[in-house]
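Fold and geometry: a report
Letter by letter, the chains look like this.
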2 protein chains.
Amino acid sequence: MSVQERKQRERVERERLIVATARELAEQQGWDAVTTRRLAERIEYSQPVLYSHFRGKREIIGAVALEGAAEMAAALRAAASAADGPRTRVAALARTYLEFAARNPAVYDAMFELDGGLAFANDDTPQPLKDAFAALLESLGEVAGDGVHPGLFTEVFWAALHGLATLTRAGRLPPEDTEPRVELLVDRLAVV
Amino acid sequence: MSVQERKQRERVERERLIVATARELAEQQGWDAVTTRRLAERIEYSQPVLYSHFRGKREIIGAVALEGAAEMAAALRAAASAADGPRTRVAALARTYLEFAARNPAVYDAMFELDGGLAFANDDTPQPLKDAFAALLESLGEVAGDGVHPGLFTEVFWAALHGLATLTRAGRLPPEDTEPRVELLVDRLAVV
DNA sequence: CTCGCTTGTCTAGCGGTGCTAGGGTCGAGC
DNA sequence: GCTCGACCCTAGCACCGCTAGACAAGCGAG
C-alpha cells in the first residue's frame, strides 16, 4: 500500500509542479511561450508526461485559471473586510480587482481571455470560479440599490471592471487615469 | 502607363479579397481556422502572395479590425442620430454596440481581443479607431455630468460595454439578461 | 518580331506547434 | 529470482507561420 501511496503523492506533487511552472513561464514570457516542449523541459520530464496529467494544453490553462480564481477571491475578501463603510469597501474591491489583473496578467488571461475549457455561469461551473463571483457579490450586493437584483448589479459592475482591466492592459486605455476611472465608476454605480 | 494602372487596380482588388475572405472565414469558423494556407486556398493563390500584401497574419487581422472599426463607427452614429433625447440616445448607443459585438464576433475579436499590431490611445492610432471612439464620445460627452471629463467618462462607459460584450460572448455571463444590464448601466452612469 | 529582363507567382522547405503510438526499462509482488 | 505491469521516453504525425529560390509570363527595347 505504502508504495502506491508514495507514488500517488509524487503524482500530485508533479501535477502541482506542472501548473506552477506553466504559470511562471506564462507570467515571465507570455502564454505564447508556454509550449508543451518548453514546459516539459522545465519540469525535466518528456512531453507525454504532461498528457498523463492533463488532457491537453487547454486543461493546463484551466488549472492555472482555477488557482488564480481562488487567489483572487481571497484577495477580494481581504480587501473588503479591511475597509469599513460600503463606499470605501466597494472602492477597495475595485482597486484590488484591477491590481490583481495588472500584477498577474497571465493568470488573468487564463481566467478570462483564453480558453481553459471551463464552464461558466452554469451549474457545473467549478467552485473557485463561483466563489470568486461570490466574493464580489458579498460586497457589491449591499450597494445595488433598491429594486435592483444584487446578482445583476454584480454582473454589470464586474463587467465594467473587466473592461477596464483588459482595455488597460492591452494598451487601449492609457494607464495613468486608472484611479479617477475607478472613482467615477464607484460614485455612479454604487448606491450608498 | 495604363498597364501599370490596371495591375495596380488588380492588386487593390486582390487585397480587398484577402481581407474579406479572412473576415468571412473567421466569422464562419473562428480565427483559429484562419490559417495562411486555408486563406491562400480560398483566394485561389499560393501562400506567398499573402505576404506580398501584408507583413504577416497579424497585419491581416489588423486590416479586418480597421474595416470593423469603420463599420462600428457608422452604426453607432446612425443609432445615435435616430434617437432623440440624451437618455434614449445613450441607451440606443449601448444596445448598438453590444449588438455589433454579438453579430460580428470575429470582427470584434480582431478589434479588441487579438493582436492586430495596431496602436491605441496614441498619436499614431489609425484614423478608423480614433473615429470609432469619437462616435462614442459624441453621444456620451453630453451625459458625463458636471465636472467630469467627457473623455474619461467615455472610457469608463466604453470599458463597461466592452466587458459586457466579451463576458457575454465567452459564456461568462448568461445572455438573457442583456437588456436589464444595459438599462442599469445607462440609468446609473449617464447624467441626464 | 524577337529577345532580354523585370515582375510576379509557385513549389518546396525550415523550424516550430499540439499531440500520440509504440518500444523499452525498471521495480513491485509473488 | 523471476514475471509482469506501470511508467516514461524516443520518434513521428499533421499542422502552423513564414521564406528562399526556381520558374514563367509579359513588358519595353532594338
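Per-chain numbering applies: the sequence of each chain, read as written, is numbered from 1 onward. Throughout, the order in which chains and ligands are written sets their labels, letters from A for the former and numbers from 1 for the latter. Side-chain atom pairs in this predicted model are given and counted only at pLDDT of 80 or more, local residue features only at pLDDT of at least 70, and totals for whole chains, interfaces and linings cover all residues. Side-chain measures were taken over the full set of non-hydrogen atoms in the model, leaving aside hydrogen atoms and water.

- Per an unreviewed UniProt entry, chain A goes by TetR/AcrR family transcriptional regulator and derives from Streptomyces mutomycini.

1. Some words on the domain arrangement of chain A
Residues and elements named next belong to chain A.
- Domain parsing of chain A yields domain 1 (1–53) and domain 2 (57–189).
- Each of domain 1 and domain 2 was reduced to a C-alpha centroid, and the two centroids are 28 Å apart.
- Only heavy atoms matter for contacts: two residues are in contact if any of them lie within 4.5 Å across the pair. On the side of domain 2, 15 residues touch domain 1, which itself brings 10 residues to the contact.
- Of the roughly 1100 Å² buried at the junction of domain 1 and domain 2 (both faces included), carbon and sulfur atoms supply 64%.
- The rule for a salt bridge is simple: a side-chain nitrogen of Lys or Arg has to be within 4 Å of a carboxyl oxygen of Asp or Glu. Linking domain 1 with domain 2 are 2 salt bridges.
- Counted as a polar contact is a pair of N or O atoms within 3.5 Å, where, for protein atoms, one must be capable of donating a hydrogen and the other of accepting one, and residues adjacent in sequence contribute only when both atoms are in side chains. Connecting domain 1 to domain 2 are 5 residue pairs in polar contact (both at pLDDT 80 or more).
- Here the side of domain 1 that touches domain 2 takes 6 residues from helix α1 (residues 2–29), the largest share from any one element. As used throughout, domain bounds are those supplied by an automatic or database domain assignment. Defined in terms of a 1.4 Å probe, buried area is the accessible area two parts forfeit on being brought together, summed over both. Helix numbers and strand numbers start at the N terminus; a helix is a DSSP run of H or I with at least 4 residues, a strand a run of E with at least 2.

2. A few points about the nonpolar core
- We call a set of buried residues a nonpolar core when its members are Ala, Val, Leu, Ile, Met, Phe, Trp, Tyr or Cys and they connect through side-chain atoms within 4.5 Å of each other. Throughout, exposure labels follow a simple rule: accessible area from a 1.4 Å probe, protein chains only, divided by the maximum for the residue type, with under 20% read as buried, over 50% as exposed, and the rest as partly exposed. By size, the foremost hydrophobic cluster in this structure holds 123 residues, and its most contacted members are A:Tyr97, A:Phe157, B:Tyr97, B:Phe153 and B:Phe157.
- A:Phe157 has contacts with A:Val90, A:Ala94, A:Leu140, A:Leu185, A:Val186 and A:Leu189, leaving out every residue within four places of it along the chain.

3. A short note on the relation of the copies chain B and chain A
- Under the fitted operation, chain B is carried onto chain A by 0.0 Å of movement along the axis and a turn of 180°, and the coordinates agree to an RMSD of 0.1 Å. Both copies of the chain, as the preceding transformation shows, are related through a two-fold rotation axis.
- Counting the interface residues of chain B, we find that 100% of their copies in chain A are interface residues as well, pointing to one common contact surface. All copies are superposed by least squares; the fitting set is the C-alpha atoms of residues with a pLDDT of at least 70 in both.

4. A few points about the interface of chain B and chain A
- Contact residues are listed per partner, giving 34 residues for chain B and 34 residues for chain A.
- In total, chain B and chain A occlude about 2900 Å² of area from one another, counting both sides; carbon and sulfur atoms represent 68% of this.
- The interface formed by chain B and chain A contains 2 salt bridges.
- Linking chain B with chain A are 8 residue pairs in polar contact (both at pLDDT 80 or more), by the criterion used here.
- Mapped onto the side of chain B that touches chain A, the elements with two or more residues apiece are α6 (105–113), α8 (150–169) and α9 (178–189) of chain B.
- In terms of residues, the side of chain B that touches chain A owes the most to one element, α8(B), which gives 12 residues.
- Along the lines of polarity and charge, the residues of the side of chain B that touches chain A split into 23 nonpolar, 5 polar and 6 charged. Polar here means any residue other than Ala, Val, Leu, Ile, Met, Phe, Trp, Tyr, Cys and Pro, which are nonpolar, and Asp, Glu, Lys and Arg, which are charged; Gly is therefore polar.

5. Regarding unusual backbone geometry
Residue and element names in this part refer to chain A.
- One non-glycine residue, Glu44, lies in positive phi territory at about 60°.
- Its place among the elements puts Glu44 in the loop between α2 (36–43) and α3 (47–53).
- The class for Glu44 is exposed, based on a relative accessible area of 71%.
- Phi at Ala121 takes a positive value of approximately 45°, unusual for a residue other than glycine.
- For Ala121, the position within the fold is in the loop between α6 (105–113) and α7 (127–140).
- Owing to a relative accessible area of 48%, Ala121 belongs among the partly exposed residues under this scheme.

6. Topic: the protein's contact with DNA strand D
- Definition of nearness: a residue and a molecule or strand are near each other if at least one heavy atom of the residue lies within 4 Å of the molecule or strand. Looking at DNA strand D, there are 17 residues lining it, with A:Arg14, A:Ser46, B:Thr35, B:Thr36 and B:Lys57 nearest.
- Put simply, 50% of the atoms of DNA strand D that lie within 4 Å of the protein are in sugar or phosphate.
- A distance of 3.4 Å separates a phosphate oxygen of DNA strand D from a polar side-chain atom of B:Arg38.
- Between DNA strand D and B:Lys57, the relevant distance is 2.8 Å, taken from a phosphate oxygen to a main-chain nitrogen or oxygen of the residue.
- Those elements giving two or more residues to the surface near DNA strand D turn out to be α3 of chain A together with α2 (36–43) and α3 (47–53) of chain B.
- Of the residues contributing to the surface near DNA strand D, the split by class is 7 nonpolar, 5 polar and 5 charged.

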